[in-house]
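# Residue-level structure breakdown
So the chains spell out like this:
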Amino acid sequence: RSHGQASYWRDPYTLFGHTLDVTENNGPAHRVLGTFYSRDNRLPEAIRELREAARLTPVLSQIQRELAEAQFRLGSQDDALQSIDKAIALDPQRGDYRHVRGKILRGLNRGPEAYTAFEKALDFGLPVDVIPQTYLEMGRIRTLEGEHEKAIPLFREALNHNPYY
């Protein structure tokens with residue numbers, strides 16, 4: 001029996017595509033497939049699968065975050081902002097969601113709102129590897145606003161957290 005199934009295991013697209021062919025309303029399979037599409041920069045497919053995962057599993061905030069990141073990378077910032085706001089509404093204590101929101105807002109040239117989102121991200125807590133990027137983004141915003149003296153300590157803080165940044 002395993003031998004007959006082996007052709008489905010050659011890659012995640014075949015495996016989870018087959019899973020979706022033989023099951024109904026499988027939100028986790030859509031999410032995994034969407035995640036693999038996103039990692040391979042196949043963003044339209046990722047967004048399609050993640051939207052379906054979100055429809056089937058509307059209470060899972062991580063799906064909304066993944067959807068927001070894929071939409072942002074595709075250039076759909078308004079959609080990305082809606083998706084990350086849904087993720088935040090589902091799980092308001094996640095600093096990493098606030099960080100993603102800040103990146104999206106900066107992409108929309110909404111610097112003051114992005115800065116506030118990054119501040120909140122730091123307040124709620126972030127993974128160690130994201131902290132320097134957050135300070136860097138905040139420094140960039142201050143630089144774009146012409147506030148170079150306020151940007152310098154932010155860039156220093158980014159370097160304090162990661163001297164190679």
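So, about the overall build of the protein. Each helix and strand counted, the protein has 10 helices and 0 strands in total. Written out in order from the N terminus, the α and β elements of the protein read α-α-α-α-α-α-α-α-α-α. Scored against the burial criterion, the 165 residues of the protein give a buried share of 40%. If you sum the accessible surface of the protein, you get close to 9400 Å²; carbon and sulfur atoms cover 50% of it.

At a closest axis distance of 9 Å, the pairing of helix H4 (residues 43–56) and helix H5 (residues 61–74) adopts a crossing angle of 155 degrees. Classed by the angle they form, the pair H4 and H5 counts as roughly antiparallel. For the pair H4 and H5, the crossing hand works out as left-handed. Here Leu43, Pro44, Ala46, Ile47, Leu50, Arg51, Ala53 and Ala54 of H4 come into contact with H5, specifically with Ile63, Gln64, Glu66, Leu67, Ala70, Gln71, Arg73 and Leu74. A breakdown of the residues in the contact of H4 with H5 according to their chemical character gives 11 nonpolar, 2 polar and 3 charged.

Judged by nonpolar contacts, the single largest core of 24 residues is most densely connected at Ile84, Ile104, Tyr135 and Met138. Those elements that place two or more of their residues in this core are helix H6 (77–90), helix H7 (95–107), helix H8 (111–124), helix H9 (131–144) and helix H10 (148–161). Other than its neighbours up to four places away in sequence, Met138 contacts Tyr115, Phe118, Glu119, Leu122 and Leu154. Counting residues in each nonpolar core, the second largest holds 8 residues, with Leu33, Ile47, Leu50 and Ala70 among its members.

Glancing now at helix H3 (residues 27–39). With 13 residues, H3 should reach 18 Å at 1.5 Å per residue; the first-to-last C-alpha distance of 18 Å fits that figure. Every buried residue belonging to H3 is among Gly27, Ala29, His30, Leu33, Gly34, Thr35, Tyr37 and Ser38, and all of these are buried. Note on H3: the residue one or two positions beyond its end, Asn41, has a positive phi of about 60 degrees.

Looking now at H8. An α-helical turn contains 3.6 residues, so any two residues separated by three or four positions project in the same direction. Here H8 contains 14 residues, and its C-alpha end-to-end distance of 20 Å stays within 8% of the 20 Å for a straight helix at 1.5 Å per residue. Along H8, the positions that sit buried rather than exposed are Gly111, Ala114, Tyr115, Ala117, Phe118 and Ala121. Taken end-on, H8 shows its buried residues confined to a sector of 160 degrees, consistent with a single buried face. Exposed positions of H8 whose direction lies more than 90 degrees from the buried face are Pro112 and Asp123. Of the residues trailing H8, Gly125 is marked for its positive phi of about 100 degrees.

Parameters at a glance
- Residues numbered from 1 in each chain as written.
- Predicted model: local features only at pLDDT ≥ 70, side-chain atom pairs only at ≥ 80, totals over all residues.
- Heavy atoms only, no water.
- Helix = DSSP H or I, 4+ residues; strand = E, 2+ residues; numbered from the N terminus.
- Buried < 20%, exposed > 50% of the residue type's maximum accessible area, 1.4 Å probe, protein only.
- Areas by Shrake-Rupley, 256 points an atom, 1.4 Å probe, with all protein chains shown as cover.
- Axes fitted to C-alpha atoms, helices over the stretch in contact; angles between N-to-C directions.
- Parallel < 35°, antiparallel > 145°, perpendicular 65-115°, else oblique.
- Left-handed = near helix turned anticlockwise from the far one by under 90°.
- Contact = heavy atoms within 4.5 Å.
- Nonpolar A, V, L, I, M, F, W, Y, C, P; charged D, E, K, R; others polar.
- Core = buried A, V, L, I, M, F, W, Y, C linked by side-chain atoms within 4.5 Å.
- Expected span 1.5 Å × (residues − 1).
- Arc of directions from axis to C-beta.

Coordinates in, geometry out; function isn't part of it.
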